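Chain by chain, the residues:
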Amino acid sequence: MPIRENSFINDFMTGRSSSVGNKGQKGSRGPRGSRGASVPAWRSKLITQDEKDEKQTGSKTGRGKSCIWSKDAPTKRCARRLSSSMVGLAGGSPQYVELRGPDRTREQRCLDEITMKLEMGSVDDLWTIYVQSSAWHQDDGAKWPVQNEVFVKVRKRITFLLKQKMKKALEKDDVGEMEAAIRAADGKVQILATQGNEQFYEMDKIFERLEMKQEEQRRVMKGLKDSSTPAMAFHDKDAARSSLHEAIETKDIETIRTAIQKCMEAQVDVTDAAKHVAITSKYFAPEGEREKSLFPLNCFKGEGRCVHIVNLGPEMDLNVLARHGEVAGVKVKFYTDPNQVLVGKENRKTSTHKATTAVHTLHGSDHEHACEVTENPHLHTIILISGPEPARLEGDTDNLTKLLKFNKAGGALGIIASGNRGGHHFPLIRDANIILQVFGLEKVWGHETGARTIHRQTAPRAPGFCASHPLFSQIKHLDEGFSNTVLDEMYLKRGFRELVRCSNGKLLTCIKEPSASFSGDGSGTILISGSATQFLCSKDAAGEETYMSNLILYMALRQADVEEVYKP
């Protein structure tokens, strides 16, 4: 640190004293000597260049680090120009002049936010503001310090948007639009009618029209269901069963495939024949390299395959499945509502018209987009985890019809249920049973504690897992999960193949294979499981992570990706 000339330390080091003068007279003080004559050599090294320049020019030109002016700038401010500053004409220097605007009050910030939401906000955004402003909901963290007249505008805007949505739903006469309008207005119209005296006559018209449209949807779904489950006489069932045994003896895969399809029409159990049909695929890893996964690294890379998991139940951490999917080249996405998957939305990556949704929102109109999932069923897989009652899919005939058509067009569908969990005292099976009812399949039921380790089956219908299936390659032990529900044995007569049975011998998981024998009508894979907790892939659960990662990727396969070979 440089020491100035007029400091006490400098006087002490240079030998000058206030009591002894230059000529030795006591009490007198001599004239100040020159710095060059009195400062030692080591002291002169501590003097900075700024001090030397200041001594030579007689003016102080050193400036602070935050100063925008350079050292060679003119001393007089009137002679300085911006071009001689460190900011520069283009303002590209890291040092700049910060001009802060006036600080707005909290009231002004709230008013600006409300103004923006009134212009382009949705019903949910405005409803959040309206509820937080109410006297019975207000707390210290969510106060709106504005006048009540502002919230009157918010209430009227909500009413206008709800009525507009109902009118458009009636004009389009679409079941999905009308059901969406009812869900958006549920719980809001009662409060608005009480506080604002608002009348929603369109709601009554929607209910009347929706009842007729839902009846039409039920007839359509019943037709699709009946087309996949044709009736057959009793003696024809016996003939189909005997032909299946004869086909197995021929060891010809084509003959066995035809016999299996005939038995599926007659609703005859094909478990004995399924163990002679082995599934192979070019996506499988070699036999000796399946310890970690059935699918090798990046086997699906660049094909655009995606698995959509819709969790309607308690929150679950499914990131382990997402990592395994990314390793194989399959995207795994998570949702909490089926509309996020089955309703089309703007794709900003491929769309040529950017910000289309925002433009239509500002104009007060809705823009319809095609749903990529339902438009490309051969690339997408939907897995739905059932939630508690009241069921999300109760009365949602639009999404149920979309799920049915999606599977009939070749898309893979997973229906997952569970027992009592997440603080709920009843099994989480209602959403799953609604979908199964649409497909004409039996319901799942009951609660099983589970939480035991099962092993390879010693015989069909025995407790354990089917070791002959490629999903269980090199898996010796498997945790059955906890809080399970069980499946009906009738699934085995509908072309499903058992994968896992509980430790008590009840059916836990079954699948309709993507091969030609079981999906020859062009429909996609269907997975039914009563153990949702296996999707957690716990490190403490034996074989769970390997099994579930194999199962998720196996659901991405289609009929063209697999081959059937005879297995003795």
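It should be emphasised that the depicted structure is a prediction, and the values quoted were computed from it without experimental measurement. (Residues numbered from 1 in each chain as written. Predicted model: local features only at pLDDT ≥ 70, side-chain atom pairs only at ≥ 80, totals over all residues. Heavy atoms only, no water.)

A. Examining the overall build of the chain more closely. When helices and strands are tallied, the chain shows 20 helices and 14 strands. A burial count over the chain gives 43% of its 568 residues as buried. For the chain, contacts bridging at least 24 residues in sequence account for 69% of all contacts bridging at least 6. For the chain, the exposed area adds up to about 31,200 Å²; of that, 52% sits on carbon and sulfur atoms. (Helix = DSSP H or I, 4+ residues; strand = E, 2+ residues; numbered from the N terminus. Buried < 20%, exposed > 50% of the residue type's maximum accessible area, 1.4 Å probe, protein only. Contact = heavy atoms within 4.5 Å. Areas by Shrake-Rupley, 256 points an atom, 1.4 Å probe, with all protein chains shown as cover.)

B. Molecular detail of the pattern of salt bridges. Here the structure, examined in full by the defined rule, presents 18 salt bridges. Its salt-bridge partner being arginine 392, residue aspartate 337 comes within 2.9 Å of it at the nearest N-O pair. Highlighted residues: aspartate 337 in the loop between strand E3 (331–335) and helix H15 (339–342) and arginine 392 in the loop between strand E4 (380–385) and helix H18 (397–408), separated in sequence by 55 residues. A salt bridge links arginine 392 to aspartate 396, with the nearest nitrogen and oxygen atoms 2.9 Å apart. (Salt bridge = Lys/Arg side-chain N within 4 Å of Asp/Glu carboxyl O.)

C. Expanded view of the packing of aromatic side chains. Summed over all chains, the structure comprises eight aromatic pairs. When the ring of phenylalanine 284 is compared with that of phenylalanine 295, the centres are 5.5 Å apart and the planes differ by 75 degrees; the resulting orientation is edge-to-face. Here phenylalanine 284, found in the loop between strand E1 (277–281) and strand E2 (306–311), pairs with phenylalanine 295, found in the loop between E1 and E2; they are eleven residues apart in sequence, far enough to count as distant. Of the two residues examined, phenylalanine 284 and phenylalanine 295, each falls in the buried class. Judged by centre distance (4.9 Å) and plane angle (25 degrees), the ring pair of phenylalanine 465 and phenylalanine 472 falls under stacked. The burial state of phenylalanine 465 is the same as that of phenylalanine 472; both residues are buried. Site record: aromatic cluster; members linked through ring pairs are Tyr283, Phe284, Phe295, Phe300 and Tyr554. Directly above the aromatic system of phenylalanine 200 lies the positively charged group of lysine 163, at a separation of 5.6 Å from the ring centroid. (Phe/Tyr/Trp six-rings, centres within 6.5 Å; stacked < 30°, edge-to-face > 60°. Lys NZ or Arg CZ within 6 Å of the ring centre and 35° of its normal.)

D. Seen up close, unusual backbone geometry. The omega angle of the peptide bond from glutamate 389 to proline 390 is 0 degrees, so this bond is cis rather than trans. For proline 390, the position within the fold is in the loop between E4 and H18. In the Ramachandran plot, lysine 251 falls in the positive-phi region, its phi being about 60 degrees despite a non-glycine side chain. Looking at lysine 251, the relative accessible area reads 56%, which means it is exposed. In this structure, asparagine 298 is a non-glycine residue whose phi angle is positive, near 55 degrees. Tracing the backbone through its elements, the reader meets asparagine 298 in the loop between E1 and E2.

E. Helix H8 (residues 175–185), seen in detail. Counting buried residues in H8 gives eight out of eleven residues, a clear majority hidden from the surface. For H8, the full list of buried residues reads Val175, Gly176, Met178, Glu179, Ala181, Ile182, Ala184 and Ala185. A side-chain oxygen of the first residue of H8 lies 3.1 Å from the backbone nitrogen of glutamate 177; this N-cap is aspartate 174. Just downstream of H8, glycine 187 is the residue with a positive phi angle, here 85 degrees. (Polar contact = N/O pair within 3.5 Å; in protein donor to acceptor, adjacent residues only side chain to side chain.)

F. Examining the nonpolar core more closely. Counting residues in hydrophobic clusters, the biggest one holds 63 residues, and the most contacted among them are Ile260, Phe295, Phe300, Phe472, Val500 and Phe535. In contact with phenylalanine 295, not counting residues within four places along its chain, are Tyr283, Phe284, Phe300, Asn550, Leu553, Tyr554 and Leu557. Counting residues in hydrophobic clusters, the runner-up holds 35 residues, among them Val341, Leu384, Leu441 and Ile528. (Core = buried A, V, L, I, M, F, W, Y, C linked by side-chain atoms within 4.5 Å.)

G. A look at the pairing of E3. Bridge count between E2 and E3: five bridges; the pairing is parallel. For valine 307, the partnering residue across the bridge sits in E3 and is valine 332. This β-α-β element, E2 to helix H14 (residues 319–328) to E3, shows right-handed connectivity. (Pairing = 2+ DSSP bridges. Right-handed = clockwise from strand over helix to strand, strands pointing away.)

H. Representation of the side chain of arginine 392 in the model. At a separation of 2.9 Å, a polar atom in the side chain of arginine 392 contacts the side chain of aspartate 396. Excluding anything up to four places from it in sequence, arginine 392 contacts Arg183, Leu312, Asp337, Pro338, Asn339, Asn399 and Asp431.

I. Just the pairing of strand E12 (residues 507–512), in detail. Burial runs high along E12: six of the six residues are buried. With four bridges joining them, strand E11 (residues 497–501) and E12 adopt antiparallel strand pairing. Of the residues in E12, the one forming a bridge with glutamate 498 is cysteine 510. Connecting E11 to the antiparallel partner E12 that follows it, the hairpin turn spans five residues, and glycine 505 within it adopts a positive phi of roughly 90 degrees. Sheet topology note: the E12/strand E13 (residues 526–529) ladder contains four bridges and is antiparallel. Across the sheet, cysteine 510 pairs through a bridge with isoleucine 528, a residue of E13.

J. Summary view of the packing of H18 against helix H19 (residues 430–438). Between H18 and H19, the shortest axis-to-axis distance is 10 Å and the interhelical angle comes to 60 degrees. Judged by the angle between their axes, H18 and H19 are oblique. Crossing of H18 against H19: the hand is right-handed. In this structure, H18 contributes Leu400, Leu403 and Leu404 to the contact, and H19 contributes Ile434, Ile435 and Val438. Tallied by class, the residues present in the contact of H18 with H19 amount to six nonpolar, no polar and no charged. (Axes fitted to C-alpha atoms, helices over the stretch in contact; angles between N-to-C directions. Parallel < 35°, antiparallel > 145°, perpendicular 65-115°, else oblique. Left-handed = near helix turned anticlockwise from the far one by under 90°. Nonpolar A, V, L, I, M, F, W, Y, C, P; charged D, E, K, R; others polar.)

K. Summary view of empty space enclosed by the protein. For the structure on display, the rule yields two cavities of 30 Å³ or more. What the second largest cavity holds in volume is close to 30 Å³. Lining the second largest cavity we find Lys275, Val277, Ala278, Ile279, Ser468, His469, Pro470, Arg497 and Lys567. The greatest single-element share of the lining of the second largest cavity, amounting to three residues, is contributed by E1. In terms of residue class, the lining of the second largest cavity is made up of four nonpolar, two polar and three charged. (1 Å grid on protein atoms, 1.4 Å probe; cavity = no way out; pocket = protein on both sides within 12 Å on 5 of 7 lines; lining within 4 Å. Points joined across faces, edges and corners; volume = space filled by probe spheres on them.)

L. Seen up close, the confidence of the model for the chain. The predicted model of the chain averages 80 in pLDDT, with 75% of residues at 70 or higher. Predicted confidence is poor over residues 91–96, with pLDDT under 50, and the contacts of this stretch with residues over four places away or in other chains come to eight contacts. (pLDDT = per-residue confidence, 0-100.)

M. View of helix H9 (residues 189–196). Residues of H9 that are buried: Val189, Leu192 and Gly196. Down the axis of H9, the buried side of the element spans an arc of 65 degrees, and every buried residue falls inside it. Once H9 finishes, asparagine 197 follows within two positions and takes phi at roughly 60 degrees, a positive value. (Arc of directions from axis to C-beta.)

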